[in-house]
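Architecture at a glance
These are the residues of each chain, in order.
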Amino acid sequence: MEKKFRLNQFLSRCGAASRRKADDLIASGAVKVNGVVAAHPGMRVDPSLDKVQLEGKTLHLARRVTLVFHKPKGTLCARSDPRRRKTIYDVLPHEIASLPVQSVGRLDFDSSGLLILTSDGDLHRLLEHPSSNIERIYQVKARGELDSIRQTQLLEGVELEDGPARAARVEVIRVSNGISVFRVSLFEGRNREVRRMCQAVGLEVFELKRVEYGPFRLGNLLPGQWRDLTSAEQHALDRLEQHLIQRST
């Protein structure tokens, strides 16, 4: 059974406009639902029952593409690069790279791991926005010993040039011969944040891989490989979207 959408969300999912632009179109009287000018952007529509028109043209849900990708180290999360470095779109197969997908929560050139790619702009904003409170988990290999003092510093917070940052959790996997392997969890995604936090406590990161992003798991996916969402991931995503809709009403 199709779920209901807020009208502005439906216009966005049809590719007709961003949600903010959809509000303007609805306010201008350009949108009709079942032949009647739409009253407000928050009204609910059922795609299987309701006929929505924008300036006389009937709208239909566009196919949304969302997938999980293992970004290899040495690639950029960009469509192109002036320095001609390899991008994730050079690695992806043509049938995926040619779609209008963008990465959620970018990883820097030297980092690898889980990327969500989606063609849905609203979903992209939802997954990246700080208010969504989504956990990111990274596996780190660094020079230096992650002792109890450094763990406490990461958990209590360090001062970076763009403000304080702290880890939600730190899990030591092993420390041997001056090399530490550990996992660190954050609820935000500032540029090179994990690397800078580690540097602030005297650890030099030389391998960084994101292994989880909210309900998404990297699992056994190899660098350069991609997969569709699992049913569990899709259900979690649906719940997250519904929470956003309820919060905005």
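Up top you'll find the structure we're talking about.
A brief structural summary. (Residues numbered from 1 in each chain as written. Predicted model: local features only at pLDDT ≥ 70, side-chain atom pairs only at ≥ 80, totals over all residues. Heavy atoms only, no water.)

Quick word on the nonpolar core
Core analysis: the biggest nonpolar cluster contains 33 residues, and Tyr-138, Val-140, Phe-182, Val-184, Val-194 and Met-197 have the highest contact counts within it. Excluding anything up to four places from it in sequence, Val-184 contacts Arg-136, Ile-137, Tyr-138, Val-140, Ala-167, Arg-169, Val-170 and Val-194. Core analysis: the second largest hydrophobic core is formed by 17 residues, Phe-5, Leu-11, Ala-38 and Leu-54 among them. (Core = buried A, V, L, I, M, F, W, Y, C linked by side-chain atoms within 4.5 Å. Buried < 20%, exposed > 50% of the residue type's maximum accessible area, 1.4 Å probe, protein only. Contact = heavy atoms within 4.5 Å.)

Examining the sheet that holds strand E6 (residues 57-58)
Strand order in this open sheet of four strands is E3-E2-E5-E6, and the pairing throughout is antiparallel. Edge positions in the open sheet fall to strand E3 (36-37) and E6, since each of these has one partner strand only. Looking at chain direction, strand E2 (residues 31-33) and E3 are connected through two bridges and run antiparallel. Each residue of the ladder has a partner; that of Lys-32, found in E3, is Val-37. (Pairing = 2+ DSSP bridges. Helix = DSSP H or I, 4+ residues; strand = E, 2+ residues; numbered from the N terminus.)

Structural notes on the pattern of salt bridges
What the rule picks out here adds up to 13 salt bridges. Residues Arg-169 and Glu-135 are paired through a salt bridge, measuring 2.6 Å at the closest nitrogen-oxygen approach. Highlighted residues: Arg-169 in strand E13 (residues 169-176) and Glu-135 in the loop between helix H5 (121-128) and strand E10 (136-143), separated in sequence by 34 residues. Salt bridges sharing common partners tie together Glu-161, Asp-162, Glu-188, Arg-190, Glu-193 and Arg-196. (Salt bridge = Lys/Arg side-chain N within 4 Å of Asp/Glu carboxyl O.)

With respect to the pairing of strand E9 (residues 112-118)
Counting buried positions along E9 yields seven of seven residues, so the element is predominantly enclosed. As paired strands, strand E7 (residues 66-71) and E9 are joined by six bridges and run antiparallel to one another. When the bridges of E9 are listed, Val-68 appears paired with Ile-116. Summarising the sheet, strand E8 (residues 102-104) and E9 pair through three bridges and their orientation is antiparallel. Looking across to E9, one finds that Ser-103 is bridged to Leu-117. Where E9 and strand E15 (residues 204-213) come together, two bridges link them in parallel fashion. Following the sheet pairing, Ser-112 is matched in E15 by Lys-209.

A few points about the pairing of E15
Here E10 runs beside E15; their pairing, made up of eight bridges, is antiparallel. Bridged to Arg-136 within E15 is Tyr-213. Bridging between E15 and strand E16 (residues 216-217) involves two bridges; their strand directions are antiparallel. What sits directly across from Tyr-213, in E16, is Phe-216. Hairpin connection of E15 to E16: two residues between the antiparallel strands, including Gly-214 at a positive phi of 60°.

Examining the packing of aromatic side chains
Describing an aromatic ring pair means giving the distance of the ring centres and the angle of the ring planes. Considering all chains together, one arrives at one aromatic pair under this definition. Their ring planes at 55° and their centres at 6.3 Å tell us that Phe-5 and Phe-10 sit as a pair that is tilted. A cation sits over an aromatic face here: Arg-143 above Phe-206, 4.4 Å from the ring centre. (Phe/Tyr/Trp six-rings, centres within 6.5 Å; stacked < 30°, edge-to-face > 60°. Lys NZ or Arg CZ within 6 Å of the ring centre and 35° of its normal.)

Points about the state of the cysteines
Covalent bonding between the sulfur atoms of two cysteines is what defines a disulfide. For the coordinates displayed, the defined rule picks out zero disulfides. Cys-198 takes part in no disulfide bond, and the closest cysteine sulfur to it belongs to Cys-77, at a distance of 19 Å. Residue classification places Cys-198 among the buried positions, given a relative accessible area of 2%. (Disulfide = S-S within 2.5 Å.)

Description of unusual backbone geometry
A positive phi angle, near 55°, is found at Asn-133, a position not held by glycine. Assignment of secondary structure puts Asn-133 in the loop between H5 and E10.

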